[in-house]
Amino acid sequence: MRAALSPMLGHLAARRATGALLRGNGTLYLRDGEIVHAESPVSPGLEVLLTLGGRLPAEGWREAVERAGARRQVARFLVDNGRLTRGELEVYHLGALYDAAFFALAPGSGPARFRSGLSHWLGPVRPVPAQDLQREVLRRRRLLEDLWPHPEVDTAPVFRNRRTALPAPTRRQRALLELADGTRTPADIARRLGRPAFHVLIDVRRLAAAGHIRTPEPGRESPSGAPEPPASPASPESGDVPVPYLHPSPVSAVRLPEVSTDPDIALLLRIRDALEARL
């Protein structure tokens, strides 16, 4: 297994360890060396994806946590009581797991520590081998880099350009742009929309490449985290992108499809797109 993402994760997988791997940007829960759950403050949790996505009423989630959380069997409760089918739960859970793990394993996530024996209250759903998880995280990093090689847009408040001569956004992208008020970050928007944070990053990078979203220059954000004011006045309708924002290039503005050579991941992406099309 490559050790580029987390040498400790590879070590724990080889030992078939059970417990929680804690990092600055999130936590991975392992059982017999495989990842059974992941959490990150950057990523909306499974409950957000299910409830804001309209698949599960909020009271249904609360009931499951209250009645089965102490036994660490929330997932089983949801299926046994007809709240979700097993297949639905697996698709949503894998989406939430991969999403949180992407941020938990991000560069600069801080030192890692392991708490042996710690388990999550959700309970087991479908474990993911550490090697598969690492491969998918690396694939997602490459995808973002190919779309628009400016990671500054991933964490900066999303500031919309309102020029008229821009490619038409998709319906899903329009929903994102409606929340781009210059104060919300992509993580904030993901929670508002009930979408995985990585999916929002894909749209943010595509929109930045197309010119819909301003790209701050590295190191030019204000201390508050909000974009700096322009150096000179500019009308939002004029088409001028004020300093310190970068201009998209025609080549980088080409929209690239989400593809994967891994048949399991490709299938999940198709299922996810079908589910999101219902929103």
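Residues numbered from 1 in each chain as written. Predicted model: local features only at pLDDT ≥ 70, side-chain atom pairs only at ≥ 80, totals over all residues. Heavy atoms only, no water.

Colleague: When you look at the nonpolar core in this model, what are you seeing that I'm missing?
Modeller: Within soluble globular proteins, side chains that are nonpolar generally end up buried alongside one another. By size, the foremost hydrophobic cluster in this structure holds 46 residues, and its most contacted members are L9, L28, L133 and I213. Among the secondary structure elements, those contributing two or more residues to this core are α1 (7–15), β2 (26–31), β3 (34–39), α5 (86–104), α6 (130–147), α7 (171–178), α8 (186–193) and α9 (197–210). The element that contributes the greatest number of residues to this core is α9, accounting for nine residues. Apart from residues no more than four positions distant in its own chain, I213 is found in contact with V158, F159, N161, L176, L177, V204, L207 and A208. Counting residues in each nonpolar core, the second largest holds 17 residues, with L49, L50, V74 and F77 among its members. (Core = buried A, V, L, I, M, F, W, Y, C linked by side-chain atoms within 4.5 Å. Buried < 20%, exposed > 50% of the residue type's maximum accessible area, 1.4 Å probe, protein only. Helix = DSSP H or I, 4+ residues; strand = E, 2+ residues; numbered from the N terminus. Contact = heavy atoms within 4.5 Å.)

Colleague: Explain the packing of aromatic side chains here, please?
Modeller: Aromatic ring pairs: the centre-centre distance and the angle between the two ring planes describe each pair. Taken as a whole and assessed by the stated rule, the structure comprises three aromatic pairs. Seen in terms of ring centroids, F102 and F103 are 5.1 Å apart; in terms of plane orientation they differ by 90°. Their pairing is edge-to-face. The buried category is assigned to F102, whose relative accessible area is 8%. Ring pairs connect the aromatic residues F102, F103 and F198, which therefore count as one cluster. (Phe/Tyr/Trp six-rings, centres within 6.5 Å; stacked < 30°, edge-to-face > 60°.)

Colleague: Any chance you could explain the environment of H120 here in plain terms?
Modeller: The residue H120 is located in the loop between β4 (113–116) and β5 (128–129) in this model. Note: C-alpha distance between H120 and V74 (46 residues apart in sequence) is 9.7 Å. Contact partners of H120, with chain neighbours within four places excluded, come to Y29, H37, E39 and R72. A distance of 2.6 Å separates a polar atom in the side chain of H120 from a polar atom in the side chain of E39. (Polar contact = N/O pair within 3.5 Å; in protein donor to acceptor, adjacent residues only side chain to side chain.)

Colleague: Is there a simple way to explain the confidence of the model for the protein chain in this structure?
Modeller: As a general rule, the predicted coordinates of low-pLDDT regions are not to be interpreted in detail. Of all residues in the protein chain, 77% attain a pLDDT of 70 or more, and the chain-wide mean is 83. The low-confidence segment residues 221–245 (pLDDT under 50) makes 42 contacts with residues lying over four places distant or belonging to another chain. Note on residues 247–263: pLDDT under 50 across the span, and 34 contacts to partners over four residues away in sequence or across chains. (pLDDT = per-residue confidence, 0-100.)

Colleague: What is the right way to look at the packing of α7 against α9 in this model?
Modeller: For the pair α7 and α9, the least separation of the axes is 10 Å and the interaxial angle reads 85°. By the criterion of interaxial angle, the relationship of α7 to α9 is roughly perpendicular. Contacts from R172, Q173, L176 and L177 of α7 reach α9 at V200, D203, V204, R206 and L207. Classifying every residue of the contact of α7 with α9 by side-chain character gives five nonpolar, one polar and three charged. (Axes fitted to C-alpha atoms, helices over the stretch in contact; angles between N-to-C directions. Parallel < 35°, antiparallel > 145°, perpendicular 65-115°, else oblique. Nonpolar A, V, L, I, M, F, W, Y, C, P; charged D, E, K, R; others polar.)

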